[in-house]
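Coordinates in review
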Amino acid sequence: MSGGRNLSARAPKPARIPILYVILGVLLVISIVPMYFYSSQIEAINSDPLKTNEKLLQSTVTRSLADDLSQHERSLHMMLANLSFAIQVASGGDIGETNIKSPELRALLENFVSSSDSDEIAYATLLNSDGKGIRAGRIAPDAFLNRELERAFAAAREGRAYNGQVLAIGEGKSARSVFLVSYPVNYGQRFLGMIGAVVDLQFLIRRLQEVGGGLTPYVVDAQGRLVAAATPEFATGQDMKNLDIVRDFVDVGNKAQIRETREFTVTAGTRHVEMLGTYSPVTSLAWAVVVQKPQREAYRGILEMQRTGRLLALFAVLLSAGVSIFAARRITNPLQVLTQSSRALARGDFSQRVSLSSRTEIGELAHTFNTMSDELERFVADLKRAAEENRELFMGSIQMLAGAVDEKDPYTRGHSDRVTRYSLLIAKEMNLSQDFMETLRISAQLHDVGKIGIEDHILKKPGALTEEEFEVMKTHTTKGANILRPVTQLAEMLPGIELHHEALNGSGYPYGLEGDQIPLLARVIAVADTFDALTTNRPYQQAHTTEQALQIIKNLAGKRHDPQAVDALLAVCARGEIKIQRFTIKRPVAPQPAESPAVVAAAAGATTSVPAEIATLERTRV
């Protein structure tokens, strides 16, 4: 199972999109997309009428103002024509130098000025054919007005009426915008003179100021100069051709007969304002009435509609998000519980159950999951029980095989069990893994299985072996490995069986391996095997005491045996975890260099020559 878990842990996990996002996205799409198209259609349907209404409003305002100006101009000319007729009657057709200053004519002129509405006529003059005459009014002509009078007089000689340019007179609060209107005085075909009237445009300014709706109205002449405006930000005579709407009127000139509405941009410093404007021409005066308005104000209804649409869309988004999250949670929370439970099952926790109270398919899925968990738990319990039984059978078979080997020689009875126990204590002291210890358990139990292939007369010989016999005895390591090699499940155990008689200095068998060439499994079993051989009775030796055996093994550390395994054995024995019950002789062993003759002799427990003792030690470990 551990191998399966490691494999699953290494397997790459595919990228997944949380179902919460899927549901949220679907609800947003089905709510926002239709609303987007609906609001777009509503805006498209309503924006054009709203724009048309705004343009119609501006057109109506400019047309009304233009009509008022035209009517005013016609009324003024009619008054001048009437005054001209009255002068002809009163003067008898003679306004020469003698009659021009008659009280009757002066009275007519003064009455003309005083009878105008709201002091509209600021000044009036009557000139004869010689340019001499009388005047009435509240202003005195300046050089600019005199020049206009000269132009008007020239037009009158030609029999034409004259509308002059707008002039600014006075200063401060008394400043006024005026223009000259003149009419010829004829008696039959004879030119008598001219009547000139200076009209105060305050009436026009008041009329412009009455315009509401956020519109900015003003009047320009044919050259694009300002005639009058509703606000003081514009000055009389100011060139307004920087505005596209005014420039359009100037470019058309006397051909301007219709109203025009257009969008344009007004630049004030670094600021640009999008405007909507309309002009209506006053053909009799060659003027144009203009109104303009910022587009954000002109199209306020459209913008408010768009803003309302966006707010509704935002509300729909938030509502959809809330509903989506609520709905998704109702689905994802149970699925998360199922996912966590499934992962617990994958980890081997078959006691996991899902507690969900739902009448939907998710509730049925949870019930099915719990049923599956019950079945899996029972199935896994059966598998574990069968696996444990198989393991016990396997270990029992191994123990029986090892016991059969040990039973061939009464002196080695129980040797495999003891070597296994000592090896596991050494491995535990060395903090080796559980998997290693399981491998060590089987390998140590079977380390001498090759002795099955050794003849009894050699295996049970009561004395020391000859060189030839010892060579045969050494083959038990390779015989054991060859016997077990066909069993693939025991492949990890073979190094301990085949190589437990190797020595770190290369003097061991069967291959004479050195140092790290010898697997740790074999090095641990070697220490345990030597310790049991030294502390048990053999036909050729009496058992050593624990202290003697440990001293011999300690002297061999780093030469024949792994120092760490030796230290672990010493630590285990120091804590009393290994107790040897059979002692027949006790020989004190003094610490000596590992390869000295004294140590070898002590290891053998005899008083014979050094070569014989080395051979005895080698034969002890078989």
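The structure under discussion appears in the preceding block.
Within each chain, residue numbers correspond to sequence positions counted from 1 in written order. The model is predicted, so local features are restricted to residues of pLDDT at least 70 and side-chain atom pairs to those at 80 or more, both for listing and for counting; the totals for chains, interfaces and linings are taken over all residues. For the side-chain quantities, the full set of heavy atoms in the structure was used; hydrogens and water were omitted.

Focus on the sheet that holds strand β3 (residues 162-169)
Whether parallel or antiparallel, the strands of a sheet pair through hydrogen bonds between backbone atoms. The cut-off we apply is this: A pair of strands is considered paired only if DSSP assigns at least 2 bridges between the two. Under the DSSP-based scheme used, a helix requires at least four consecutive residues in state H or I and a strand at least two consecutive residues in state E, with every element numbered from the N terminus. In this analysis, axes come from line fits to C-alpha atoms, helices being fitted only over the stretch in contact, and the angle between any two N-to-C directions falls in the range 0 to 180 degrees. Contact criterion: two residues are considered in contact whenever any of their non-hydrogen atoms come within 4.5 Å of each other.
Within the open sheet, the five strands sit side by side as β2-β1-β5-β4-β3. Their pairing is antiparallel. Looking at strand neighbours, the two that pair on one side only are β2 (133-137) and β3, the edges of this open sheet. Between one strand and the next, the sheet's axes are offset by a mean angle of 15°, whatever the strand orientation. Pairing of β3 with strand β4 (residues 176-187), which is carried by six bridges, proceeds in the antiparallel orientation. Its bridge partner being in β4, N163 is matched across the sheet by V181. Relative to the sheet, helix α4 (residues 143-157) contacts β1 (121-128), β3, β4 and β5 (190-200), its axis offset from that of β3 by approximately 175°.

Side note on helix α11 (residues 434-445)
Since one α-helical turn is 3.6 residues long, residues separated by three or four positions face the same way. So the rule is basically this: Take the number of residues in a helix, subtract one, and multiply by 1.5 Å to get its expected span. Note on classification: 1.4 Å probe, protein chains only; a residue is buried when its accessible area is under 20% of the maximum for its type, exposed when over 50%, partly exposed between these limits.
Over its 12 residues, α11 runs 17 Å from end to end, which matches the ideal 16 Å to within 8%, given 1.5 Å per residue. All of the buried residues in α11 are F436, M437, T439, L440, I442, S443, A444 and Q445.

Looking at the sheet that holds strand β8 (residues 260-268)
Pairing is antiparallel in the open sheet, where five strands are placed in the order β7-β6-β10-β9-β8. The open sheet terminates on both sides in strands that have one partner only, identified here as β7 (226-229) and β8. Averaged over all pairs of adjacent strands, the angle between their axes in this sheet comes to 30°, without regard to strand direction. Pairing of strand β9 (residues 271-282) with strand β10 (residues 287-294) involves eight bridges; the strand directions are antiparallel. Considered in β10, the bridge of L276 is made with K293. Of the strands in this sheet, β6 (216-220), β7 and β10 touch helix α5 (residues 202-209), which is tilted by about 55° from β7. Sitting on the sheet, helix α6 (residues 244-252) is in contact with β6, β8, β9 and β10, with an inclination near 125° to β8.

Considering the packing of α11 against helix α16 (residues 520-534)
Applicable threshold: Oblique is the label for any angle not covered by the other classes, which are roughly parallel (under 35 degrees), roughly antiparallel (over 145) and roughly perpendicular (65 to 115). Here a crossing is called left-handed whenever its near helix is offset anticlockwise from the far helix by less than a right angle, and right-handed whenever the offset is clockwise.
Interhelical geometry of α11 versus α16 gives an angle of 55° and a closest axis separation of 10 Å. Of the possible angle classes, the one that applies to α11 and α16 is oblique. Crossing of α11 against α16: the hand is right-handed. On α16, the residues touching F436, T439, L440, S443 and A444 of α11 are L520, L521, V524 and I525.

Concerning the side chain of H476
To be explicit about the condition: We call two N or O atoms a polar contact when they sit within 3.5 Å, provided that within protein one can donate a hydrogen and the other can accept it, with sequence-adjacent residues counted only if both atoms are side-chain atoms.
Mapped onto the secondary structure, H476 falls in helix α14 (residues 476-484). Classification of H476 by relative accessible area gives buried; the value is 0%. Side chain to side chain, H476 and D448 meet in a polar contact 3.3 Å long. Here M473 takes part through its backbone oxygen, which lies 2.8 Å from a polar atom of the side chain of H476.

Topic: the nonpolar core
Considering soluble globular proteins, one finds that nonpolar side chains tend to be buried as a cluster. Keep this limit in mind: Remark: nonpolar core denotes a set of buried residues (Ala, Val, Leu, Ile, Met, Phe, Trp, Tyr, Cys) joined through side-chain atoms within 4.5 Å.
Within the largest apolar cluster, 43 residues are counted, with the highest numbers of intra-cluster contacts made by L126, L204 and W287. For this core, the leading source of residues is helix α2 (residues 19-91), giving eight residues. Setting aside residues up to four positions removed in sequence, L204 forms contacts with L69, V219, V227, A228 and W287. Of all hydrophobic cores here, the second largest spans 31 residues; its members include Y422, L440, I525 and V566.

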